[in-house]
Amino acid sequence: MNRNTAPTLWELAENCLLSDVPAAIQALEVLPKHLFIPLFKTAFLGRQKEMLKAMVKVWPFHCLHIGTLKIQERPYEIMEALVDGLQFIPVENSPPRGPKLRILDLRQNIECRITCSYRTKCAVCFHSCVYSERSILEVEEALNEVQCRDVVPSESDPGSVWKTAELLINLSFNSTLTTKRFLSFLKSKVEQSSGSLHLCCRYLQINQISVHTNMLQILDPACIDRLEVNRVHLRRVTTLFPQLKHLDSLKLTSIPYQSCSGPNFEIFLIWLEKLDILQELNLSFFCLSNRVHRLLSVLQSPIHLTSLSLPFCDLSNRDITVLSQCSQVTHLKRLNLSNNLIFWGGREPFQILLERVSDTLQHLEINNCQVTDSALEIIIPALTRCSHLRVILMALNPVTMSALENLLQSLTPMVNLKRVVYPIPAHCYEDGSFPGSLNRQKLGAVKVRLNSLLQMARRSDMSWTTYPE
C-alpha cells in the first residue's frame, strides 16, 4: 500500500479481520464470494498459513491459481498449507455448500487470474489437465458413462465414488532437506486421497534423482511438458521416462561424457524420436561433435523447433553446416551456440544459418565462439536481415574497437533489437592479450564511446552491456 494513500474501507476491514485468525476463519462461512480473492492475496503475501489452509477448504470457486503472486523465502511452507486444505468428499450425499475447489494450481509466474470461473456460472478452468487418464475430465466422463448405464459404482473404485481434485505443480528434485520434506508430504497426501487427488506435474527439474526415485511413482509422465535433467546418466534418463508423450521442452545439462556415446546415444535417439511435439531442445555440456546430423535426423516433420541451445557441445564446422541445411531449424526464435569453437572461414556455414532463420529469430547467443573482426564482417549482413531480433549475446569474443563500433552502427537501425551483450575489445586487456587482466579505465572509455554512438543514433531504448553486468 502506498504510504501517501489513505487505506480503503476494505483494506481496513481486511487488516482487522486477519489480525485475529481464528475469528477470520469462522467468518469465512458467511464471507461473500467476491471477497475471497482479495483476502486470499493478502493472506498469501502475509504468509498466514492457517488462514490459507482454511480458505482452501471452503474456496467457493472451481479453481485456485497462485499465478503471479510471489513469495521469496520458504515457499514450501505456504504450498504445504494450501495442499493440506484440499478436501476429498463423497459424490453422494455431499453437502450443498461443501467445498467447490477441484483444481489447485501452485505454479508461480503463470500469467493467469486467481480463478478462471469468477464471472462464469459453469465450472471451467483453462489450465486443467487434458492428457492424464486420472484427470478430472477423464474421471468424470467415465463416471457419467457408468451412471448413464445405471450401474452402481463399486466402493473399490474410488475415482467414481469420491470427487476428484487436481494439483498442478512444478517440481524440482534436489538434495536439500526442505525439498525432501515437501516431496514426502506430497507423496503422503496423494496416497491418503486413495486415488482422488491427481498430481499433475507440468515442469520437472531433476538435479538429484537417487533419493527421489520413489516419488516418480506418483507422477504421470503424460502430464510433463517441460523436463530438465542435470548430471544424470543418459541411459537412466531414457529408462525413467519411457512414456513421455507431450513433452514440449527438453533440457539435458552436464550429462556424464561416457554415457553420451555408443548404445546409450542410439537409445537416446530412439527415445527422442518419439517426442513428436517437441519445440525446445537444450543440450548443454553434451558431447555432440560431428553428431548433430544424427540428432536432427530423428526430429522429423511436423516438428519445428522454436528454441535450440547447444552450448559447450564441442560442435565442429560440419555440425554448423548441418544446422545451416536442416529444415527443422527454419522456425527458430532462439538459438544458442555459445562456447563452441566455430570455424569462421569463408561465407559458410554460419552466415547461411542466420539467413535461413532471419524471418523468425528473436534471441541469439554466440558467446565465446572465437568471433573475430573478419567473422563479424561476414555475419553482419546476415544479422541485419533478422528483423525480429530482440537480443544478441556475444561476449568473450576477440574483436577490436573499430569492429565493435561498426557492429553498433549496423545494428542500431534494427528497431526490435533492445539488448546487446558485446565483447570487451582486445585493447582493454593488459598487453592487448585476450583474455587477460582487464584495464577498467580503458573499458570505461569504451562504454562512454558506445553510449555516445547510441545517443547519436537516437537509440536510448537499446541496451549495450558487457557480461556480466
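Preceding this section is the structure that the text describes.
Residues numbered from 1 in each chain as written. Predicted model: local features only at pLDDT ≥ 70, side-chain atom pairs only at ≥ 80, totals over all residues. Heavy atoms only, no water.

A few points about the overall build of the protein chain
Basically, it comes down to this: Helical segments are the DSSP runs of H or I of at least four residues, strand segments are the runs of E of at least two, and each set is numbered from the N terminus. The criterion used for residue contact is that any of the two residues' heavy atoms lie within 4.5 Å. What sets the accessible areas is the Shrake-Rupley method with a 1.4 Å probe; for residues, cover comes only from the shown protein chains.
When you go through the protein chain residue by residue, the secondary structure sums to 16 helices and 13 strands. For the protein chain, the share of sequence-separated contacts (at least 6 apart) that also reach a separation of at least 24 residues comes to 76%. Accessible area of the protein chain: about 23400 Å², with a carbon and sulfur share of 50%.

Quick look at the pattern of salt bridges
Applicable threshold: Within this document, salt bridges are pairs made up of a side-chain nitrogen of Lys or Arg and a carboxyl oxygen of Asp or Glu, the two lying within 4 Å of each other. Working definition: with a 1.4 Å probe on protein chains only, accessible area under 20% of the residue-type maximum means buried, over 50% means exposed, and in between means partly exposed.
Throughout the structure, instances matching the rule amount to 13 salt bridges. Ionic pairing is found between Arg47 and Glu77, a salt bridge with its closest N-O pair at 4.0 Å. In this pair, Arg47 is assigned in the loop between helix 3 (36-45) and helix 4 (49-57) and Glu77 in helix 5 (residues 75-84), connecting sequence segments 30 residues apart. The class of Arg47 is partly exposed, set by a relative accessible area of 25%. A salt bridge links Lys187 to Glu191, with the shortest nitrogen-to-oxygen separation between them at 2.5 Å.

Some points on the pairing of strand 3 (residues 165-173)
Test applied: Pairing between strands requires that DSSP locate at least two bridges from one strand to the other. Think of it like this: strands point away, you trace from the first strand over the helix to the second, and a clockwise trace means the crossover is right-handed.
Within strand 3, 8 of the 9 residues are buried, which leaves the element mostly enclosed by the surrounding structure. Note: strand 2 (residues 103-108) against strand 3, 3 bridges, orientation parallel. Among the inter-strand pairings, Ile103 is bridged to a residue of strand 3, identified as Glu166. Direction of pairing for strand 3 relative to strand 4 (residues 197-206): parallel, over a ladder of 9 bridges. Across the sheet, the residue bridging to Ile169 is Cys201, located in strand 4. Viewed along the sheet, the connection from strand 3 through helix 8 (residues 177-192) into strand 4 turns out right-handed.

Some remarks on the nonpolar core
The condition that has to hold: Within this scheme, the nonpolar core is defined by two criteria: the residues are buried Ala, Val, Leu, Ile, Met, Phe, Trp, Tyr or Cys, and they are joined through side-chain atoms within 4.5 Å.
With 135 residues, the main nonpolar core has Leu171, Leu204, Phe286 and Trp464 as its most contacted residues. Aside from chain neighbours lying at most four places away, what touches Phe286 is Leu234, Leu252, Ile255, Cys260, Phe265, Phe268, Phe312 and Cys313. Core analysis: the second largest hydrophobic core is formed by 9 residues, Ile103, Cys116, Cys200 and Cys223 among them.

Brief notes about the packing of helix 3 against helix 4
Quick note on the threshold: Every axis in this analysis is a line fitted to C-alpha atoms, fitted for helices over the stretch in contact. Angles between the N-to-C directions lie between 0 and 180 degrees. Angles below 35 degrees are treated as roughly parallel, those above 145 as roughly antiparallel, those between 65 and 115 as roughly perpendicular, and all remaining angles as oblique. Each crossing gets its handedness from the near helix: less than a right angle anticlockwise from the far helix is left-handed, clockwise is right-handed. Three residue categories are used. Nonpolar comprises Ala, Val, Leu, Ile, Met, Phe, Trp, Tyr, Cys and Pro, charged comprises Asp, Glu, Lys and Arg, and polar comprises the others, including Gly.
Packing of helix 3 against helix 4 leaves a shortest axis separation of 9 Å and a crossing angle of 150 degrees. The angle between the axes of helix 3 and helix 4 places the two elements in the roughly antiparallel class. Considering the relative orientation of helix 3 and helix 4, their crossing is left-handed. Listed contacts from helix 4 to Phe36, Leu39, Phe40, Ala43 and Phe44 of helix 3 are Met51, Leu52 and Met55. Considering only residue class, the contact of helix 3 with helix 4 consists of 8 nonpolar, no polar and no charged.

Comments concerning the packing of aromatic side chains
Condition: Note on aromatic pairs: the rings of Phe, Tyr and Trp (six-membered ring only in Trp) are paired at centre separations within 6.5 Å, and the planes decide the class, stacked below 30 degrees, edge-to-face beyond 60, tilted for the rest. As a reminder, the over-ring test applies to NZ of lysine and CZ of arginine, requiring each to be within 6 Å of the ring centre and within 35 degrees of the ring normal.
Taken as a whole, this structure holds 11 aromatic pairs when the rule is applied. Relative to Phe286, the ring of Phe268 has its centre 5.7 Å away and its plane inclined at 40 degrees; by these criteria the two rings are tilted. Here Phe268, found in helix 10 (residues 262-273), pairs with Phe286, found in the loop between strand 7 (280-284) and helix 11 (292-297); they are 18 residues apart in sequence, far enough to count as distant. Each residue in the set Phe36, Phe40, Phe44, Trp59 and Phe61 is aromatic and connected to the rest through ring pairs, giving one cluster. Stacked on the ring of Tyr203, the Lys or Arg Arg226 has its end atom at 4.1 Å from the ring centre. A cation sits over an aromatic face here: Arg291 above Phe265, 3.9 Å from the ring centre.

Looking at helix 12 (residues 317-325)
Along helix 12, the residues classified as buried are Asp319, Ile320, Val322, Leu323 and Ser324. Buried positions along helix 12 lie against helix 11, strand 8 (307-309) and helix 13 (350-356).

Thoughts on the side chain of Thr179
Applicable threshold: Pairs of N or O atoms within 3.5 Å make up the polar contacts considered here, provided that, within protein, one atom can donate a hydrogen while the other can accept it, and that residues adjacent in sequence are counted only when both atoms are side-chain atoms.
Tracing the backbone shows Thr179 in helix 8. Judged by relative accessible area, which is 2%, Thr179 ranks as buried. Side-chain polar atoms of Thr179 contact the side chain of Tyr76, separated by 3.4 Å. Residues in contact with Thr179, not counting those within four places in the same chain, are Tyr76, Ser172 and Asn174.

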